[in-house]
Amino acid sequence: MTPNVTAAPPATALAALLRSMADDEFVIGFSDSEWTGIAPLLEEDVAMSSLAQDELGHAAALYGLLATLTGSDPDTLAYDREPADYRHCRLLDHGRGDWAMTIARRFLYDSADAIRLEGLAGGSWAPLAELVGKLIREERYHRMHAEAWLERLARRSGEPRDRLLAALEALAPDAATVFTPLPDEPALIGAGILAAPMHELEARWCATIAPILAGSDLPMPPPARDPERGRLDHGDAFRWLWGEFTSVRRADPGATW
Amino acid sequence: MSEAGTQIGIARARAGSIAGSATPAPVGSATPAPTGSATPAPTGSATPAALDDAAVLAALGEVMDPELPMLSVVDLGIVHRVGIDPADGPIRVEILPTFVGCPALELIKAAIADRLAPFGRPVEVTATFEVPWTTERISDDGRRALLAAGIAPPPATPADAAGSVLIGLEPRVPCPHCGSRRTVLENVFGPTQCRTIRYCADCRQPFEAIKPV
């Protein structure tokens, strides 16, 4: 099942890229779905549920591409791994937290994901490039939502702004982990799948979010605390989430629906 | 994660399992039906219906979208290609998902397969992102049907992928109930992935609008 491209893609490096993206979308999508029914406003119940549906759909598509490369299937990839085998970024490992934490996480993730998608747009491996073209059109709505809420919380002094600042501070050491270097990035760049190394994409991301944060007098996050391990060492918050999203699957392994 | 099957389907298609038959015809052109039987396919007929591109498209025009049931899959603009095997092989239909995670996709595939079954051939429906589905693909008939159902059709000017058409700056979406342009965006997200929620300041009705992508 070799995809129809001009040259065989570097399969190992491509699989690592797909896994990191799919796990990111899966974990943030599942985290967002935790707001269904308990969001602070009815409209946000709708919005977070729709966002979650988008992200889980993106994860399903990315796991589907990964499955064709590795001979697996998307459900196995999504649900049948131990917590330590997920490769989402640590930005998504801080638990749902309060509304401000959710908005801060979404803002940091959505802005970073947009830069990553730009770095993959028009790439040489058609199945991914075509999917990315579609993802970009959907993700911009996520970004608008996050930016609108970031500004709304930041400009209301007192509890909203205080909570937002606390959330940004808690996330700061892991804020840049979307750009954790991938195994064998040069192979992806050489094959024309990825336009630039992750550290360069991270610089673009900083340039993109700096004016937005400055506009609301919010601090820029520092570089990642431990850049090489930004997709490893998932903590207790993720283990709890993993227990939730695998609970039905583990309750009756192999069940068909 | 049923949509994942979609991607597998795409990769399989790219791997060449679709290749080797007649090149499927792009849809959307006004190409007349190939000569021969131009009789519309009788539904539920015991004998296989006459088969050509036009007959398949006419049949697809009767397959309604499950989330926007006033629109056929043709009016929604998701039919990308139709291919009929020159021998007795399958009818192949490629569709463009409106959203990557559209939960209706499997239902749509099944509905298409059911509607084409009377032609007496195997039917293969696959999803592809070869070109992105965009809201300007909705036909004029489709736009009228949406409006009649109280859903504002997407702006005529397409949103571009770079996002330069910002939601807050987009041309005012007219209210489908009273026609007023004094409407505001209430929620970028709505009851389905493809819809937003707006509010009309004149007739004071909330309404749904197709999310421009």
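Since the model is a prediction, treat every value here as computed from it, not as a measurement.

## A look at the overall build of chain B
Scanning chain B from N- to C-terminus turns up five helices and eight strands. The order of helices and strands in chain B, counted from the N terminus, is α-β-α-α-β-β-α-β-α-β-β-β-β. In chain B, buried positions account for 44% of the 213 residues. Excluding contacts between residues fewer than 6 apart, the proportion of contacts in chain B whose partners are at least 24 apart in sequence is 56%.

## With respect to the sheet that holds strand E8 (residues 206-210) of chain B
Residue and element names in this part refer to chain B. Read from one edge to the other, the open sheet built from four strands follows the order E5-E8-E7-E6, with strand pairing classed as mixed. Of all the strands in the sheet, the pair left with one neighbour each is strand E5 (151-152) and strand E6 (183-187). As defined by bridge partners, E6 adjoins strand E7 (residues 195-200) across four bridges and the pair is classed as antiparallel. Among the inter-strand pairings, Asn187 is bridged to a residue of E7, identified as Ile197.

## Quick look at the nonpolar core
One finds Leu62, Tyr63, Leu66, Ile103 and Ala104 of chain A together with Val73 and Ile95 of chain B to be the most contacted residues of the largest nonpolar core, which totals 120 residues. Here this core takes 14 residues from helix H2 (residues 42-70) of chain A, the largest share from any one element. In this structure, this core is formed jointly by two domains, domain 1 (4-127) and domain 2 (135-210) of chain B, each of which donates at least three residues. Here Leu62 of chain A is in contact with Leu18, Met21, Ala22 and Glu25 of chain A, once residues within four sequence places are set aside.

## Describing the domain arrangement of chain B
All names here are of chain B. By domain assignment, chain B separates into domain 1 (4-127) and domain 2 (135-210). Between domain 1 and domain 2, the contact holds 10 residues from the first and 11 residues from the second. Split into classes, the residues belonging to the side of domain 1 that touches domain 2 amount to five nonpolar, three polar and two charged.

## Things to note about the pairing of E8 of chain B
Side-chain direction in a regular strand flips from residue to residue, so the side chains alternate between the two faces of the sheet. Residues and elements named next belong to chain B. Counting buried residues along E8, four of its five residues qualify, which places the element largely inside the surrounding structure. Where E7 meets E8, five bridges bridge the pair, whose relative direction is antiparallel. Directly across from Arg198, in E8, lies its bridge partner Phe207. Counted along the chain from E7 to the antiparallel partner E8, the turn is five residues long, and its residue Arg204 has a positive phi close to 55°.

## Quick look at the confidence of the model for chain A
Of the residues in chain A, 97% reach a pLDDT of 70 or more, and the chain-wide mean stands at 94. For the stretch residues 1-6 of chain A, pLDDT sits under 50, and the model shows 20 contacts to residues farther than four places along the chain or on other chains.

## As for the environment of Asp162 of chain A
Note on placement: Asp162 of chain A falls in helix H6 (residues 159-171). Residues Asp162 of chain A and Ala100 of chain A lie 62 residues apart in sequence; the distance between their C-alpha atoms is 9.1 Å.

## So, the confidence of the model for chain B
Residue and element names in this part refer to chain B. Averaged over chain B, the pLDDT score is 79; the fraction of residues at 70 or greater is 70%. Considering only residues more than four positions removed or in separate chains, one finds that residues 1-25, a stretch of pLDDT under 50, has 70 contacts. Among the scores for the predicted complex, ipTM is 0.88 and pTM is 0.85.

## A word on the packing of helix H1 (residues 11-33) of chain A against H2 of chain A
All names here are of chain A. In the contact formed by H1 and H2, the axes pass within 8 Å of each other and the chain directions differ by 160°. Considered as vectors, H1 and H2 are oriented roughly antiparallel to each other. Like other packed secondary-structure pairs, H1 and H2 cross with a definite hand, here left-handed. Residues belonging to the contact of H1 with H2 are distributed by class as follows: 18 nonpolar, five polar and four charged.

Cut-offs applied
- Once a new chain begins, its residue numbering starts again from 1 and follows that chain's sequence as written.
- Chain letters start at A and ligand numbers start at 1, both assigned in the order the entries are written.
- Reporting of local features is limited, given that this is a predicted model, to residues whose pLDDT is at least 70; pairs of side-chain atoms are given and counted only at 80 or more, and all residues count toward the totals for whole chains, interfaces and linings.
- Only DSSP runs of H or I covering at least 4 residues are called helices, and only runs of E covering at least 2 are called strands; the numbering of each starts at the N terminus.
- Exposure criterion: with C-beta atoms placed from backbone coordinates, a residue whose C-beta has 20 or more other C-beta atoms within 10 Å is buried, one with 12 or fewer is exposed, and one in between is partly exposed.
- A pair of residues counts as a contact when their C-beta atoms, built from backbone coordinates, are within 7 Å of each other.
- Here, any two strands with at least 2 DSSP bridges between them count as paired.
- We call a set of buried Ala, Val, Leu, Ile, Met, Phe, Trp, Tyr and Cys residues a nonpolar core when their C-beta atoms link them within 7 Å.
- Domain ranges listed in this record stem from an automatic or a database domain assignment.
- The classification used treats Ala, Val, Leu, Ile, Met, Phe, Trp, Tyr, Cys and Pro as nonpolar, Asp, Glu, Lys and Arg as charged, and all other residues, Gly among them, as polar.
- Per residue, pLDDT captures the predictor's confidence, and it can take any value from 0 to 100.
- Helix axes use the C-alpha atoms of the stretch in contact, all axes being lines fitted to C-alpha atoms, and the angles between their N-to-C directions lie in the range 0 to 180 degrees.
- Angular relationships are summarised with four words: roughly parallel below 35 degrees, roughly antiparallel beyond 145, roughly perpendicular across 65 to 115, and oblique for the angles in between.
- By definition, turning the near helix anticlockwise from the far helix through less than a right angle yields a left-handed crossing, and turning it clockwise yields a right-handed one.

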